[in-house]
Amino acid sequence: METRLIYSSSPSCGLGDAPLVVGVDEAGRGPLAGPVVAAAVVLCNPSPTGLDDSKKLSPKRRSELEPQILARCAWGLAVVEPEEIDRLNIFGATMLAMTLAVSRLVAALGCEPDAVLIDGNLTPHGRHADWRWADARPIVGGDGKEQCIGAASIIAKEHRDRLMQEAAKEHPHYGWERNKGYGSAEHMEALRIHGPTPLHRRSFAPVAQADLFALGT
């Protein structure tokens, strides 16, 4: 089973005179099901207007901004699946996803960035063996403070949301097209009745409990 997928792109028209500052964010750290997705973005100049924390934007606005970011900016995207989340734990899987996303972005650029900015209070430095940007700076609430991190948050969330919407077609009981794998009342009730799917994170307590309940019936 594929436990990680990585995508990247750098626009053929270039980035203008934008500094090579990488913004990094993740989506899907908290859900009970589905992958964790990390994105890394270097903005073009001029950058798309209206970039912000993806959680502050309407679904319509995110859907408008995502193709602009993908077409005009340089980016890397990494998807780490539940199997690897369970193997590493969610923190380790997130550090892996960020490392893969930045690595592929830098490969697409063909040069090292001037800076790496990460949403949150930690970076993968010293937490993942392949992370090589020791000067990366964590910024709490960075997705609302730095446009490059906001852009990363948008494409990470949009990509993950689509994955969960597709997964909902195969596993219709859990409402993933609405809750995106988070532990909503609908999701928890379906988990109790139907048990976990292969996309559930068995290392997460509610899923582990549902697994034990299923084994006992």
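Criteria and cut-off values
Here, residues in each chain are numbered from 1, in the same order as that chain's written sequence. This being a predicted model, a pLDDT of at least 70 is required before a residue's local features are given, and a value of 80 or more before pairs of side-chain atoms are given or counted; all residues contribute to the totals for chains, interfaces and linings. The basis for the side-chain values is all heavy atoms of the structure; hydrogens and waters are excluded. To get an axis, fit a line to the C-alpha atoms, keeping to the stretch in contact for a helix; angles then go from 0 to 180 degrees between the N-to-C directions. Labels follow the DSSP assignment, with helices taken as runs of H or I lasting at least four residues and strands as runs of E lasting at least two, numbered in each case from the N terminus. Here is the rule for angles: anything less than 35 degrees is roughly parallel, anything more than 145 is roughly antiparallel, 65 through 115 is roughly perpendicular, and the remaining ranges are oblique. The handedness criterion is simple: a crossing whose near helix is rotated anticlockwise from the far helix by less than a right angle is left-handed, and one whose near helix is rotated clockwise is right-handed. Contacts are assigned to residue pairs with any non-hydrogen atoms lying within 4.5 Å of each other. Here the nonpolar group is Ala, Val, Leu, Ile, Met, Phe, Trp, Tyr, Cys and Pro; Asp, Glu, Lys and Arg are the charged ones; every other residue, Gly included, is treated as polar. The buried label applies to any residue whose accessible area, calculated with a 1.4 Å probe on protein chains only, is under 20% of its type's maximum; exposed applies above 50%, and partly exposed to all values in between. As used here, the arc is the angular range of directions from the helix axis to the C-beta atoms. Here, a salt bridge means any Lys or Arg side-chain nitrogen found within 4 Å of an Asp or Glu carboxyl oxygen. Two kinds of site are reported from a 1 Å grid over the protein atoms alone, namely cavities, where a 1.4 Å probe fits but cannot get out, and pockets, open sets with protein on both sides within 12 Å along at least five of seven lines, and residues are called lining when an atom falls within 4 Å of a point. Grid points are joined across faces, edges and corners, and a volume is the space filled by probe spheres set on the points. Helix span is expected to be 1.5 Å times the residue number reduced by one.

Peer 1: How would you sum up the packing of helix α1 (residues 59–72) against helix α4 (residues 147–170)? Please name residues and give values.
Peer 2: The N-to-C vectors of α1 and α4 enclose an angle of 110°; their axes lie 9 Å apart at closest approach. By the criterion of interaxial angle, the relationship of α1 to α4 is roughly perpendicular. Handedness of the crossing formed by α1 with α4: left-handed. On α4, the residues touching R62, S63, L65, E66, I69 and L70 of α1 are A151, I154, I155, K157, E158, H159, D161 and R162. A class-by-class count of the residues in the contact of α1 with α4 yields six nonpolar, two polar and six charged.

Peer 1: Explain helix α6 (residues 185–194) to me, and be specific about the residues and the numbers.
Peer 2: Turning to α6, its buried residues are H187, A190 and L191. One side of α6 holds all its buried residues, which, seen down the axis, span an arc of 105°. Residues A185 and I193 are exposed on α6 and point more than 90 degrees away from its buried face. Taken from the residues just after α6, G195 is the one with a positive phi, measuring 80°.

Peer 1: Which residues make up the pattern of salt bridges, and what are the values?
Peer 2: Scanning the model with the defined rule gives 14 salt bridges in all. With a closest N to O distance of 2.5 Å, E64 and K60 form a salt bridge. Of this pair, E64 and K60 both sit in helix α1, separated by four residues, roughly a single helical turn. Here E64 falls in the partly exposed class, since its relative accessible area comes to 29%.

Peer 1: How would you sum up the layout of surface pockets? Please name residues and give values.
Peer 2: Estimated volume of the largest pocket: approximately 270 Å³. Taken together, 15 residues form the lining of the largest pocket, with E26, A27, G28, K55 and Y182 sitting closest to its centre. Elements supplying a minimum of two residues to the lining of the largest pocket: β2 (21–27) and α4. When residues in the lining of the largest pocket are grouped by element, the largest group, four residues, is from α4.

Peer 1: Residues and numbers for α1, please.
Peer 2: Compared with the 20 Å implied by 1.5 Å per residue over 14 residues, the 20 Å span of α1 between its first and last C-alpha is a close match. Along α1, the residues classified as buried are R62, L65, E66 and I69. Of the surrounding secondary structure, the elements contacted by the buried residues of α1 are β3 (36–42), β4 (74–80) and α4.

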